[in-house]
Amino acid sequence: MGTESLNSPGYDIPPEMQSQVAITTLDKIYNWSRKNSLWPMMFGLACCAIEMIGTAASRFDFSRFGMEVMRPSPRQADLMIVSGTVTKKMIPQIVRLYNQMPEPRYVIAMGACASGGGPFKEGYTVVAGVDKFIPVDVYIPGCPPTPQALLHGFITLMKKIETQSLRSVPWYQKTPGEPIPIPILGPDLMDPRKFDLIKQVCSQREEQRNTEPEGESTHE
Amino acid sequence: MSEQVGVQSSSLTERFPEIILPDSRTGYSGFLVKPENLVVVAQALRDEMGYDYLSSVTGVDYLPENKMEVVYHFYRTIGGGALVLKTQVDRENPVVPSLTPLFPGAEFQEREAWDLLGIRFANHPDLRRILTWEGFHGHPLRKDWKEPFFEEEAKPFKSRWPEGHVYRAEDKNPFHDNLQYPAGFDPEQWSPETDELLYAGLKRVDKSDDLLTEQVVVNLGPQHPSTHGVFRMVVVLDGETVVDLKPIMGYLHRNHEKIGERNTFLQNMPFTDRLDYVCSMSNNFGYALAVEKLMGIQPPERAEYIRVMMAELTRFLNHIFSIGFLLNDLGAFFTPMLYALEERELILDVFEAVSGSRMMCNYFRFGGVARDIPVEVMEKIRKLVFDRLPRKLDEMDYFITNNEIVRGRCEGVGVLTAERAIALSASGPVLRASGVAYDVRRADPYSIYDRFEFDIPVRYNGDIYDRYLLRLEEMRQSLRILRQVLKDIPDGPILSGKPQYQVRVPAGESYGRVEGPKGELGFYVVSNGKPNPWRYHVRAPTFINLTSLAEMCRGQKIADVVTILGSIDIVLGEVDR
Amino acid sequence: MITGSGILRGLWTTFRHFIKTYLEDLRSGKKRYFTTEGIELRRSPDVEGIFTIQYPEEKLPVPEEFRYIPFLVYDEGDNGEKEIRCTSCGICAKVCPPQCIWIVRTNDPVTGKPIPQPKEFYIDVDICMNCGFCAEFCPFDAIKMDHDYEIASYDRFKEHIFDLERLSKPASYYAQIRPTNFMREEAARAEKEAQKAAARKPAS
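Residues numbered from 1 in each chain as written. Chains lettered and ligands numbered in written order. Predicted model: local features only at pLDDT ≥ 70, side-chain atom pairs only at ≥ 80, totals over all residues. Heavy atoms only, no water.

Enquirer: Honestly, the overall build of chain A in this entry has me stumped. Any pointers?
Expert: When you go through chain A residue by residue, the secondary structure sums to 7 helices and 5 strands. Against the compact-globule benchmark of 17 Å for 220 residues, chain A has a radius of gyration of 22 Å, which places it well outside the compact range. Along the first, second and third principal axes, the C-alpha atoms of chain A reach 90 × 45 × 30 Å. Counting every position in chain A, which comprises 220 residues, the buried fraction comes to 60%. Intrachain contacts of chain A at a sequence separation of at least 6 include 71% that bridge at least 24 residues. For chain A, the exposed surface amounts to about 9,200 Å²; the carbon and sulfur share of it is 53%. Each charge class in chain A was averaged separately, 22 positive and 23 negative side chains, and the resulting centres sit 4 Å apart. (Helix = DSSP H or I, 4+ residues; strand = E, 2+ residues; numbered from the N terminus. Rg over C-alpha atoms; globule rule 2.2 N^0.38 Å. Buried < 20%, exposed > 50% of the residue type's maximum accessible area, 1.4 Å probe, protein only. Contact = heavy atoms within 4.5 Å. Areas by Shrake-Rupley, 256 points an atom, 1.4 Å probe, with all protein chains shown as cover. Lys, Arg positive; Asp, Glu negative; His and termini not counted. Charge placed at Lys NZ, Arg CZ, Asp CG, Glu CD.)

Below is the structure:
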């Protein structure tokens, strides 16, 4: 499938050379190689991980897309498939893993839970979507997405990579990207970026409680 | 089953006339005992009456009566029904003596009750939070504890219809996220939990007379390719030898029980799929049994056969999957797994055609199953059961069983003796590989398992290799049951009564248990006559099997820990719920 | 047991699997790949050798009962107008386990009484657990489970709350993805209509 899509329009290549020569831009060739050699991290969270294994196995076989091996180490991976429910106890580790991944890196939120909390959203230790902490490139709905849906997600991501430009992608900017601050487990999960908000809301509530008569619940 | 309990009940009340009271609430069974007498009674049960297996420990918050109840389910490993013991304590300061010294299998379950319900267990060796983290605010399963996205006590929520203006739950939260903090909380003053308490609880060997080698603490997980998901083990190592090990779970704690108590009875069915997500059909089975017991209904003949068929296909699927994973853990990376997954895909095709989803089947209903099996799918099942699966099973056997590496790494590793397996409340293949022939399908038959001819495979060495062989043999027995099912399956209705979305469940308690592929899967349901359960507890087999992990690993090499974990065959959805 | 024989056995098993692919290729010729017949063969219990379905060129057909995200069925009127089957009775919203369905009922602007038609209908697919209860318990065959799983997107905030328009699909689409169910329901409906008509006749 490769060379045809690589050619930039407007250049006449003699027909006899078309299978050997392609005139293209750096962006295109870079994106083309990037998208055909995504290495996912071996990182399973919940139910969707089983479907992810199913996708890696013989029937669906995502090595056909150049995702030959799954790497358990974030240092050797450039695609994080968040496959399953993200809990508050796990999110510090997920953010840490994301920070450890070398750029360029992509994140797929596989399934309803990873996208927005899923059926467990109302639960008290469930993070309502991994995108609250790390940037997500592609969301795949479904509970769980079937392997074919996951493969469609990969193709969607590849399409996104195709449209990227070396000039605008965050990892080739002059100023290096800041790592995402790692959330802390307190009485509830605490995002260091939100400390001021937490302080403000908690002190407001304290005042409210002091002014109002007793018996008020501290909960919303 | 009820007769046996009757016999036992008289002898128990005779033995302790003063301190044992039968539970007389309508719909309830078992005995009430005061907390101060609990240990004496439990000891007598174990040593005198043969109730050597403490299957389930859980708490119930009876908010209206201002009581906290702890419920114990005892069994005999020779078979028979449960003996249910309950003890009630005050809600404000609930303290119950721990049964862990008598039944070490209670350790994690008591920690869970402490974590989620705030019941203290006196004399517990290591009473820390288990599913949430140290420092978590409150005990979430208490009825007066509300989560940040709390909307209403029970589903269906009123905001959905008829004025269902859509919103995202985080939009209504001051933090725009699933968060809440105690009033006046200052995040900057907070010192986050360190693992000191955890590390302090680890045993170390006395090395004063030895060479000065340091013992190191190694953390495996939660992101580790061998831990089958998000599971963490803290290991103390002396060289390469494991001195002590502690499993840490809760990284996938999805509040199954809290959500389950808000759901209506039927709404819990698809949630049970997500417990042990490899074998959703078995989970459906256990939950359906528990609620049917309360409702007092029986599924029709054909539905019973379909249920058994699905449960046994699930067992096959789970075992072949777990063998593939075990080989992964042994270092045969993914090749044996690929063969296992081929068979799994074929079975999943059947599930998908029957139930609509590959993994989250949601196929069972109270009083039957959701839909009938189409003819062409039946033909496919026949082909699988009579031809393909036995052939592939033999191929797997030929491929793996006598492999030198498999034998070298598995024989004699991770040994659990029969006595310890019983004491630690292990169940399923782990228990049977240790020489205890205990299978709920025979010990306390449910559904129509008493009609089929099958053996309960037992092996006696209790090592990884035996667990592997046992799973292989169980798959053969599953196929044997399936052949009988396919021969005898009658025509007829698949659901007793009309399909209902709001079932009426009388008040009372019930404990439904099935022999899931991973062990005894129990559902403890308390109903107060309302559309949603008052208490909904899952006795997750792999969660309790993990109690014996430390014991199996001590003295082994660090590389074997991974394999031992693989041989227990855990699924984190069920461990953490 | 001779040392090494176990490993040789393992290698033999893998090698046999490898060879079988080519034997099967020779046997079935060109029709083995990129044809419906070939896909069926490779998913049947008789499959030997290669097992892979090459998505997206080949797509594994989903069975009729397959469920993904729900959709709302509308009948096409004679003039092409959409007659949505939903009467906004709210059963799907009540039975939904994670409560991901939001319905606003239409009220008659004059009398204020409810009209059997939804004004707004939303499904949050980030919560939906694809359990199929809504379709199972809908008394009007108005909500059904879709087969379309190719819905990955770049932005969940804009695209993951499906509204009435996004959810509506014609009955012909439903008939196409679930032919047997459709036929059964249509037959049941026709029978009901006939019964109604029969009941009306003696009265008139």
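Having seen the model, we can carry on.
Enquirer: What is the right way to look at the nonpolar core in this model?
Expert: Where a protein is soluble and globular, its nonpolar side chains tend to be buried together. Ranked by size, the top nonpolar core spans 303 residues in total, and within it M80 of chain A, Y72, F74, L85, Y277 and M310 of chain B together with I101 of chain C carry the most contacts. For this core, the element with the most residues is helix α8 (residues 301-330) of chain B, which contributes 16 residues. Of all hydrophobic cores here, the second largest spans 6 residues; its members include V73, A171, I177 and F182 of chain C. (Core = buried A, V, L, I, M, F, W, Y, C linked by side-chain atoms within 4.5 Å.)

Enquirer: Sorry, what's going on with helix α18 (residues 558-568) of chain B here?
Expert: Residues lying three or four places apart along an α-helix face the same way, a consequence of the helix completing one turn every 3.6 residues. All names here are of chain B. By the criterion of burial, α18 is predominantly enclosed, with 10 of the 11 residues buried. When we look at burial in α18, the residues that qualify are I558, D560, V561, V562, T563, I564, L565, G566, S567 and I568. Once α18 ends, the next one or two residues include D569, with phi positive near 65°.

Enquirer: Looking at this structure, I do not really get the interface of chain A and chain C. What am I missing?
Expert: You'll often see interface size given as the accessible area lost when the parts meet. The partner chain C presents 28 residues to the 37 residues of chain A that form the contact. Carbon and sulfur atoms supply 58% of the area that chain A and chain C bury against each other, a total of about 2,600 Å² over both sides. Three residues stand out in chain A for area buried against chain C, namely R59, P141 and Q148 of chain A, and they jointly supply 28% of the buried area on that side. Inspection of the chain A/chain C interface yields 1 salt bridge. Of the charged contacts in the structure, one is a salt bridge between R156 of chain C and D131 of chain A, with a shortest N-O distance of 2.6 Å. If you list the elements that add at least two residues to the side of chain A that touches chain C, you get α5 (111-116), β3 (138-140) and α6 (147-162) of chain A. Sort the elements by how many residues they give to the side of chain A that touches chain C and α6 of chain A lands first, with 9 residues. (Buried area = accessible area lost by both parts, 1.4 Å probe. Salt bridge = Lys/Arg side-chain N within 4 Å of Asp/Glu carboxyl O.)

Enquirer: Would you mind showing me how to read the confidence of the model for chain A here?
Expert: Detailed reading of the predicted coordinates is not advisable wherever pLDDT is low. Residue and element names in this part refer to chain A. For chain A, per-residue confidence averages 84 on the pLDDT scale, and 94% of positions sit at 70 or higher. The element-level mean pLDDT for chain A is lowest in helix α1 (residues 2-6), coming to 59, with β3 highest at 92. Note that residues 215-220 has pLDDT below 50 and, in this model, 7 contacts with residues that lie over four places away or in other chains. (pLDDT = per-residue confidence, 0-100.)

Enquirer: Got a minute to help me understand the sheet that holds strand β14 (residues 519-527) of chain B in this structure?
Expert: Backbone-to-backbone hydrogen bonds join strands into a sheet, with any given pair of strands oriented parallel or antiparallel. Residues and elements named next belong to chain B. Taken together, 3 strands build an open sheet; the order of strands is β13-β14-β15 and the sheet is antiparallel. The sheet is open, and its two borders are formed by β13 (508-516) and β15 (535-539), each paired with just one other strand. Taking the axes of each pair of neighbouring strands and ignoring which way they run, one obtains an average angle of 10° across the sheet. Inspection of the sheet shows β13 paired to β14 by 9 bridges, in the antiparallel sense. In the sheet register, V514 faces β14, and the bridge partner there is L521. (Pairing = 2+ DSSP bridges. Axes fitted to C-alpha atoms, helices over the stretch in contact; angles between N-to-C directions.)

Enquirer: Looking at this model, I keep getting lost on the interface of chain A and chain B. Mind explaining?
Expert: Each side of the interface is counted separately: chain A has 58 residues, and chain B has 72 residues. Of the roughly 6,200 Å² buried between chain A and chain B on both sides combined, carbon and sulfur atoms contribute 64%. It is K89, E122 and Y124 of chain A that lose the most area in chain A upon contact with chain B, and together they represent 15% of the buried surface on that side. Our count for the contact surface shared by chain A and chain B stands at 8 salt bridges. Along the contact surface separating chain A from chain B lie 29 residue pairs in polar contact (both at pLDDT 80 or more). For the side of chain A that touches chain B, the elements supplying multiple residues, two or more each, are α3 (47-56), α4 (91-100), β4 (184-185), β5 (189-190) and α7 (195-211) of chain A. Among the residues forming the side of chain A that touches chain B, the class breakdown is 33 nonpolar, 11 polar and 14 charged. (Polar contact = N/O pair within 3.5 Å; in protein donor to acceptor, adjacent residues only side chain to side chain. Nonpolar A, V, L, I, M, F, W, Y, C, P; charged D, E, K, R; others polar.)

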